[in-house]
Amino acid sequence: LMKGMESSCNRIIKAIDNCESILVYGDYDVDGTTAVSTVYSFLKLLHEKIEYYIPDRYEEGYGVSKKAINYASNKNISLIICLDCGITDHNEIELAQNNKIDVIVCDHHLPKQTLPKAFSILNPKQNGCKYPFKELSGCGIGFKLIQAISLKKGLKKDIAYSFLDLLAISIACDMVSVSGENRIMAYFGLKLLNKNPRAGLKCILNAY
């Protein structure tokens, strides 16, 4: 139901089938890093030519950076998946296009009147999006993306569900509404986090 989901999935699957290099890019906060961890880890199960990029808070600031676009161009990246950012980064996405790099924007922040000219945009708050729940976190939109790819490729639901722990953390830390779909995903994510935390999260939990 999410506007842009069909074309986003098709572009990612095409990149996998054609052995293109993909860069998963996300904001430096908890929502962004959990989103990158989710999408990168999922796609790594399907594809070898994949990298991630977290911008430096002080040198590059918030959003898609020109430094990252230049990095992607030098690495012969042909597809960037932006998570928790990108909805207002017109110039940077245009720079990517000029370097023959497609950009899929997955963002939950309120769009402005004019959207960037990305390959596709996933944001329930954009005009014309029929997705019923509008308060997903950035990681939540990344999670919806991997669910949709799983459906397209006939993968088991449990693969996507294994990332609900990261999603629960993003919901809590980004302070999105813990209602509706977020409440359900947070509930099952917390159960997973308590029962079988992944190695990185286990280390953090044991430190407190």
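Above this text is the structure in question.
On a predicted model such as this, the values are computed, not experimentally measured, just so you know.

Participant: An account of the overall build of the chain is needed here, citing residue identities and associated values.
Facilitator: Looking only at helices and strands, one finds nine helices and five strands in the chain. Walking the chain from its N terminus toward its C terminus, one meets helices and strands in the order α-β-α-β-α-β-α-β-β-α-α-α-α-α. Its C-alpha radius of gyration of 16 Å places the chain within 12% of the 17 Å reference for a compact globule of 208 residues. Projected onto its principal axes, the C-alpha positions of the chain cover 45 × 40 × 35 Å. Looking at the chain as a whole, 50% of its 208 residues qualify as buried. Sequence-distant contacts, at least 24 apart, represent 66% of the contacts inside the chain between residues at least 6 apart. Of the accessible surface of the chain, which amounts to about 10,600 Å², a share of 53% is contributed by carbon and sulfur atoms. Looking at the chain, you have 25 positive and 22 negative side-chain charges, and the mean spots of the two groups are 6 Å apart.

Participant: An account of unusual backbone geometry is needed here, citing residue identities and associated values.
Facilitator: The backbone of Asn-76 sits at a positive phi, close to 60°, despite the residue not being glycine. Relative to the assigned elements, Asn-76 resides in the loop between α3 (66–74) and β3 (79–83). In this structure Asn-76 comes out as exposed when scored by relative accessible area, which is 63%. The phi dihedral of Lys-100 falls on the positive side, at around 60°, and the residue is not glycine. Residue placement: Lys-100 occurs in the loop between α4 (90–98) and β4 (102–106).

Participant: How would you explain the nonpolar core if you had to name every residue and give the values?
Facilitator: By size, the foremost hydrophobic cluster in this structure holds 42 residues, and its most contacted members are Met-2, Ile-12, Leu-43, Ile-81, Leu-83, Cys-106 and Leu-145. Listing elements by their share of this core, those giving two or more residues are α1 (5–17), β1 (22–26), α2 (30–44), β3, β4, α5 (138–153), α7 (164–173) and α8 (180–195). With seven residues, the top contributor of residues to this core is α5. Excluding its chain neighbours within four sequence positions, the residues that come into contact with Ile-81 are Ile-12, Ile-22, Leu-23, Val-24, Tyr-25, Val-39, Leu-43, Ile-104, Cys-106 and Leu-145. Listed in part, the 19 residues of the second largest apolar core include Ala-68, Ala-72, Ile-87 and Ile-101.

Participant: Can you lay out the sheet that holds β3 for me, pointing to particular residues and giving the numbers?
Facilitator: The strand order β2-β1-β3-β4-β5 describes an open sheet built from five strands, whose pairing is parallel. With one partner strand each, in any of the chains shown, β2 (50–53) and β5 (120–122) form the two edges of the open sheet. Across the sheet, the mean angle separating the axes of adjacent strands is 20° when strand polarity is ignored. Pairing analysis gives five bridges linking β3 to β4, with the strands arranged parallel. Looking across to β4, one finds that Ile-80 is bridged to Val-103.

Participant: Go over the environment of Ile-50 with me, naming the residues and quoting the values.
Facilitator: On the secondary structure map, Ile-50 appears in strand β2. Taking the C-alpha atoms as reference, Ile-50 lies 14 Å from Tyr-71; in sequence the two are 21 residues apart.

The rules behind these values
Residues numbered from 1 in each chain as written. Predicted model: local features only at pLDDT ≥ 70, side-chain atom pairs only at ≥ 80, totals over all residues. Heavy atoms only, no water. Helix = DSSP H or I, 4+ residues; strand = E, 2+ residues; numbered from the N terminus. Rg over C-alpha atoms; globule rule 2.2 N^0.38 Å. Buried < 20%, exposed > 50% of the residue type's maximum accessible area, 1.4 Å probe, protein only. Contact = heavy atoms within 4.5 Å. Areas by Shrake-Rupley, 256 points an atom, 1.4 Å probe, with all protein chains shown as cover. Lys, Arg positive; Asp, Glu negative; His and termini not counted. Charge placed at Lys NZ, Arg CZ, Asp CG, Glu CD. Core = buried A, V, L, I, M, F, W, Y, C linked by side-chain atoms within 4.5 Å. Pairing = 2+ DSSP bridges. Axes fitted to C-alpha atoms, helices over the stretch in contact; angles between N-to-C directions.

In short, geometric facts, not functional conclusions.
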